[in-house]
Amino acid sequence: IALDMTGLYEKLLAPLMPRQSRVGEDLSHYVTRMDQLQIKQRELEKTQARLSREKQFNRKVTINAELRKIKQDIQRLADA
């Protein structure tokens, strides 16, 4: 049962989102966080593809450092 529009939107969107909202997180922050998570996931895929194509070791080291940072960002965004 939703008593206001915000509650109704939260109830409707919750099953469609890939992750659960954090305790006390309002709807706008939740949607923004999910958008950022999706962007980081795409960035991770692109960086992994770039790593697999790269031949030089020193460039692979740099790309691996980028991958670690992206994975940390994803973990930070995904934690509830």
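Here the structure is a predicted model, which means the values were calculated and not measured.

Participant: I'd love a proper account of helix H3 (residues 57-78), names of residues and values included.
Facilitator: The terminal C-alpha atoms of H3, which comprises 22 residues, lie 31 Å apart, in line with the 32 Å expected from a rise of 1.5 Å per residue. Within H3, the full set of buried residues consists of Ile 63, Leu 67, Ile 70, Asp 73, Ile 74, Leu 77 and Ala 78. One face of H3 carries all of its buried residues, which in axial projection span an arc of 125°. The exposed residues of H3 that point more than 90 degrees off its buried face are Phe 57, Arg 68, Gln 72 and Arg 76.

Participant: Talk me through the confidence of the model for the protein; I want residue IDs and the actual numbers.
Facilitator: Confidence in the prediction of the protein, expressed as mean pLDDT, is 88, and 96% of residues score 70 or more. At the low end of the mean pLDDT range in the protein sits helix H1 (residues 5-13), at 81; at the high end sits H3, at 95.

Participant: Kindly report on the nonpolar core, identifying the contributing residues and their values.
Facilitator: In summary, soluble globular proteins display a tendency toward joint burial of nonpolar side chains. With 13 residues, the main nonpolar core has Tyr 30, Met 34, Leu 37, Leu 44 and Ile 74 as its most contacted residues. Elements with a contribution of two residues or more to this core: helix H2 (27-53) and H3. If sequence neighbours within four positions are ignored, Ile 74 has contacts with Leu 37, Lys 40, Gln 41 and Leu 44.

Participant: Could you give an account of the environment of Lys 71, with specific residues and numbers?
Facilitator: With respect to the secondary-structure elements, Lys 71 resides in helix H3. A relative accessible area of 46% means that Lys 71 is categorised as partly exposed. When the C-alpha atoms of Lys 71 and Leu 44 are compared, they prove to be 7.4 Å apart, with 27 residues separating the residues in sequence. With residues up to four places along the chain from it excluded, the contact list for Lys 71 reads Leu 44 and Gln 48.

Participant: Tell me about the pattern of salt bridges, residues and numbers included.
Facilitator: Within this structure, the stated rule accounts for 5 salt bridges. Between Lys 40 and Glu 43 there is a salt bridge whose closest N-O contact spans 3.7 Å. Taken together, the positions of Lys 40 and Glu 43, both in helix H2 and 3 residues apart, correspond to about one turn of that helix. When its relative accessible area of 33% is taken as the criterion, Glu 43 is described as partly exposed. Notably, a salt bridge pairs Lys 69 with Asp 73, separated by 3.2 Å at the nearest N-O pair. Taken together, the positions of Lys 69 and Asp 73, both in helix H3 and 4 residues apart, correspond to about one turn of that helix. Among the charged side chains, a salt-bridge network with shared partners connects Lys 40, Glu 43, Lys 69 and Asp 73.

Analysis parameters
- Residues numbered from 1 in each chain as written.
- Predicted model: local features only at pLDDT ≥ 70, side-chain atom pairs only at ≥ 80, totals over all residues.
- Heavy atoms only, no water.
- Helix = DSSP H or I, 4+ residues; strand = E, 2+ residues; numbered from the N terminus.
- Expected span 1.5 Å × (residues − 1).
- Buried < 20%, exposed > 50% of the residue type's maximum accessible area, 1.4 Å probe, protein only.
- Arc of directions from axis to C-beta.
- pLDDT = per-residue confidence, 0-100.
- Core = buried A, V, L, I, M, F, W, Y, C linked by side-chain atoms within 4.5 Å.
- Contact = heavy atoms within 4.5 Å.
- Salt bridge = Lys/Arg side-chain N within 4 Å of Asp/Glu carboxyl O.

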